Amino acid sequence: MAELKNYTQAGYDALQKELNFLKNVRRVEIKEEVAKARSYGDLSENSEYDEAKNEEAKVEMRIHELEEMLLVARVIDEAEIDHTKVSVGSIVEVENTETKAIKTYHIVGSYETDPVAGKISDQSAIGGGIMGTAVGEKVDIELPNGKTLHLIIRDVRRANV
C-alpha cells in the first residue's frame, strides 16, 4: 500500500468537497455539454464536441486523482498531538536568528500547501525541519539551494479549524 499522507481535518474535508462536486455536479454538466455538442452534427469537425470531451477527460482524471489521495489520507487526530510541539496543523512563529525577521507558518499536509497563504508542507525543507520542535528551540535547516537557515521557534499554537 502507498505511504499514508497527513492532512488536517480542513484539508481532508476540502478534498472530499471537491470530489463530491466533481462527481455529482460537474459530471452532469459535462454530460449535458457533450450531448448538446453531439447534436450539432458531424463530430469530425465539431470543436464544441472536442472541447466537451477534453473537459470530461480532465474531470475524470481529477476524480481519479482525488480518490487516490483520499485512499492514503490520514487525518491528524487532535487528541494524539502534543500541542507544545510543532506538528501538522500547528501555526508556528519563527525568527531568523541572522536577520531577526519573524515569519508565521501553518504546517499542513503535502497536498494542502499554499505558500502565499503561509501554509507549508510537513515535507518541505522548513516544515520538516521544524517538526517536533518546541518554543525556544533553535534549529538549522539546510535549504535546497545549499544555504542554511537558522531559526528559533517563538510560538507554537493550533490552527482554529
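Just above sits the structure.
Residues numbered from 1 in each chain as written. Predicted model: local features only at pLDDT ≥ 70, side-chain atom pairs only at ≥ 80, totals over all residues. Heavy atoms only, no water.

**Comments concerning the overall build of the protein**
A tally of regular secondary structure across the protein gives 3 helices and 7 strands. When the helices and strands of the protein are placed in sequence order, the string is β-α-α-β-β-β-β-α-β-β. In terms of overall size, the protein is more extended than a compact globule, its C-alpha atoms giving a radius of gyration of 22 Å where 161 residues would be expected to give roughly 15 Å. Taking the principal axes of the C-alpha coordinates as reference, the protein spans close to 70 × 35 × 30 Å. Sorting the 161 residues of the protein into buried and exposed places 35% on the buried side. Restricting the contact set of the protein to residue pairs at least 6 apart, pairs at least 24 apart contribute 51%. Accessible surface computed for the protein: about 10000 Å², of which carbon and sulfur atoms make up 50%. Of the side chains in the protein, 21 bear a positive and 31 a negative charge, and the two mean positions are spaced by 3 Å. (Helix = DSSP H or I, 4+ residues; strand = E, 2+ residues; numbered from the N terminus. Rg over C-alpha atoms; globule rule 2.2 N^0.38 Å. Buried < 20%, exposed > 50% of the residue type's maximum accessible area, 1.4 Å probe, protein only. Contact = heavy atoms within 4.5 Å. Areas by Shrake-Rupley, 256 points an atom, 1.4 Å probe, with all protein chains shown as cover. Lys, Arg positive; Asp, Glu negative; His and termini not counted. Charge placed at Lys NZ, Arg CZ, Asp CG, Glu CD.)

**Considering unusual backbone geometry**
The phi dihedral of K100 is positive, around 70°, even though this residue is not glycine. Summarising the element assignment, K100 is placed in the loop between β3 (90–96) and β4 (102–108).

**Observations regarding helix α1 (residues 9–38)**
End to end, α1 covers 42 Å across 30 residues, agreeing with the expected 44 Å (1.5 Å per residue, within 8%). Bending of α1 peaks at approximately 35° at the position of R26. Of the positions making up α1, those classed as buried are G11, L15, L19, L22, R26, I30, V34 and A37. Where α1 is buried, its residues contact β1 (5–7) and α2 (47–71). (Expected span 1.5 Å × (residues − 1). Bend = angle between axes of the 7 residues up to and from the residue.)

**Some points on the sheet that holds strand β6 (residues 138–142)**
Taken together, the 5 strands give an open sheet; going across it, the order is β5-β4-β3-β7-β6, and neighbouring strands pair in mixed fashion. The open sheet has two edge strands with one neighbour each: β5 (119–121) and β6. Averaged over all pairs of adjacent strands, the angle between their axes in this sheet comes to 45°, without regard to strand direction. Pairing between β4 and β5: 3 bridges, direction parallel. (Pairing = 2+ DSSP bridges. Axes fitted to C-alpha atoms, helices over the stretch in contact; angles between N-to-C directions.)

**Observations concerning the pairing of β3**
The buried fraction of β3 amounts to 6 of the 7 residues, a majority that puts the element mostly inside the structure. Here β3 pairs with strand β7 (residues 148–158) via 7 bridges, running antiparallel. Considered in β7, the bridge of I91 is made with R157. Where β3 hands over to β4, the hairpin turn is made up of 5 residues, of which K100 adopts a positive phi near 70°.

**Here's the deal with the pattern of salt bridges**
Proximity of charged atoms lets side chains of opposite charge pair with each other. If you walk through the whole model with that rule in mind, you get 11 salt bridges. For E60, the salt bridge goes to R27, with nearest N and O atoms at 2.8 Å. Pair noted here: E60 is in helix α2 and R27 is in helix α1, with a separation of 33 residues, a long-range link. Among the ionic contacts, a cluster of salt bridges with common partners joins R26, E29, E33 and E55. (Salt bridge = Lys/Arg side-chain N within 4 Å of Asp/Glu carboxyl O.)

**Remarks on the side chain of S87**
For S87, the position within the fold is in the loop between β2 (73–75) and β3. Take S87: its relative accessible area is 13%, and that puts it in the buried class. Polar side-chain contacts of S87 include one of 3.0 Å to the side chain of R158. Excluding its chain neighbours within four sequence positions, the residues that come into contact with S87 are I81, I107, M131 and R158. (Polar contact = N/O pair within 3.5 Å; in protein donor to acceptor, adjacent residues only side chain to side chain.)

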